[in-house]
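Examination of the molecular architecture
As a plain string of letters, each chain reads:
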Amino acid sequence: MKIESLDVLKAEQQLKFNQTKKSEQFIDTVAEHITGAMIQEIGEELFDNWANACLDEGEDYAENEFMAYASPELKQQYNEFYGYTEKDEYYLC
């Protein structure tokens, strides 16, 4: 399962908005599969930057931030794995 970051989706929306708002730009002449690959590369870099910033705060923090995007079922498993309750800092609901 592939998860796209919200930043990548926002970039795609902004690119589409800019294309309808302005006259033709160079990017308008580039094939969609190429711009799609570029957007994917941007997304990977944004994720790496985000993950590294989280890791700067510690491994527990980074894992918790990552798991914040998980499904409710996976969050429950995460909480159970660590024995977290609603009073714990890293408890996810």
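As shown above, the structure is provided for reference.
It should be emphasised that the depicted structure is a prediction, and the values quoted were computed from it without experimental measurement.

Turning to the overall build of the protein chain, a few remarks are in order. When helices and strands are counted, the protein chain shows four helices and zero strands. Along the protein chain, from the amino end to the carboxyl end, the secondary structure elements read α-α-α-α. Out of the 93 residues belonging to the protein chain, those deemed buried represent 19%. A sequence separation of at least 24 residues applies to 28% of the contacts in the protein chain between residues at least 6 apart.

Now for the side chain of Asn64. Counting through the fold element by element, Asn64 comes out in helix α3 (residues 59-67). Within the structure, the side chain of Asn64 is placed 2.7 Å from the backbone oxygen of Tyr90, a separation counted as a polar contact. Dropping the residues within four chain positions of it, Asn64 is found in contact with Tyr78, Tyr90 and Leu92.

Moving on, we come to the packing of aromatic side chains. Going through the model one piece at a time under the given rule, you end up with eight aromatic pairs. Taken together, a centroid distance of 5.6 Å and an interplanar angle of 45 degrees make the contact between Phe47 and Trp50 tilted. Residue Phe47 and its partner Trp50 are located together in helix α2 (residues 32-56), separated by three residues, close to a single helical turn. A relative accessible area of 28% means that Trp50 is categorised as partly exposed. One aromatic cluster is present, built from ring pairs that chain together Tyr78, Phe81, Tyr82, Tyr84 and Tyr90.

For the rest of this paragraph, the subject is the environment of Glu73. In this structure, Glu73 sits in helix α4 (residues 72-82). The class of Glu73 is exposed, set by a relative accessible area of 51%. C-alpha of Glu73 to C-alpha of Cys93: the two residues are 20 residues apart in sequence and 9.7 Å apart in space.

In this section: the environment of Tyr90. Positionally, Tyr90 belongs in the segment after α4. Separated by 25 residues in sequence, Tyr90 and Glu65 place their C-alpha atoms 9.0 Å apart.

Another point: the layout of surface pockets. Here the second largest pocket is characterised by a volume of approximately 220 Å³. In terms of lining, the second largest pocket is formed by 10 residues, of which the most central are Leu15, Lys16, Glu32, Thr35 and Ile39. Residue assignment for the lining of the second largest pocket shows that the elements contributing at least two residues are α1 (6-21) and α2. For the lining of the second largest pocket, the residue count by class is four nonpolar, three polar and three charged.

Judged by nonpolar contacts, Met67, Ala70, Tyr78, Tyr84, Tyr90 and Leu92 together constitute the single largest core of six residues. When neighbours within four sequence positions are excluded, Tyr84 is seen to be in contact with Tyr78, Asn79, Tyr90 and Tyr91.

Rules behind the numbers
- Every chain is numbered on its own, with residues counted from 1 as its sequence reads.
- Thresholds applied to this predicted model are a pLDDT of at least 70 for local features of residues and 80 or more for the giving and counting of side-chain atom pairs; totals over whole chains, interfaces and linings are not thresholded and use all residues.
- By convention in this description, side-chain values take in all heavy atoms of the structure and omit both hydrogens and water.
- Strands are runs of DSSP state E lasting at least two residues, helices are runs of H or I lasting at least four, and both sets are numbered from the N terminus onward.
- The buried label applies to any residue whose accessible area, calculated with a 1.4 Å probe on protein chains only, is under 20% of its type's maximum; exposed applies above 50%, and partly exposed to all values in between.
- In this analysis, two residues are considered to be in contact whenever any of their non-hydrogen atoms come within 4.5 Å of each other.
- Whenever two N or O atoms come within 3.5 Å, that pair is a polar contact, provided that in protein one can donate a hydrogen and the other can accept it, and provided that, for residues adjacent in sequence, both atoms are side-chain atoms.
- Two rings from Phe, Tyr or Trp (for Trp, the six-membered ring) form a pair when their centres sit within 6.5 Å of each other. Planes less than 30 degrees apart are called stacked, planes more than 60 degrees apart edge-to-face, and all others tilted.
- Put simply, the grid is 1 Å and covers the protein atoms alone, a cavity is a trapped set of points that fit a 1.4 Å probe, a pocket is an open set with protein on both sides within 12 Å along at least five of seven lines, and lining residues have an atom within 4 Å of a point.
- Grid points are joined across faces, edges and corners, and a volume is the space filled by probe spheres set on the points.
- The nonpolar class holds Ala, Val, Leu, Ile, Met, Phe, Trp, Tyr, Cys and Pro. Asp, Glu, Lys and Arg form the charged class, and all remaining residues, Gly among them, are polar.
- To qualify as a nonpolar core, a set must consist of buried Ala, Val, Leu, Ile, Met, Phe, Trp, Tyr and Cys residues joined through side-chain atoms within 4.5 Å.

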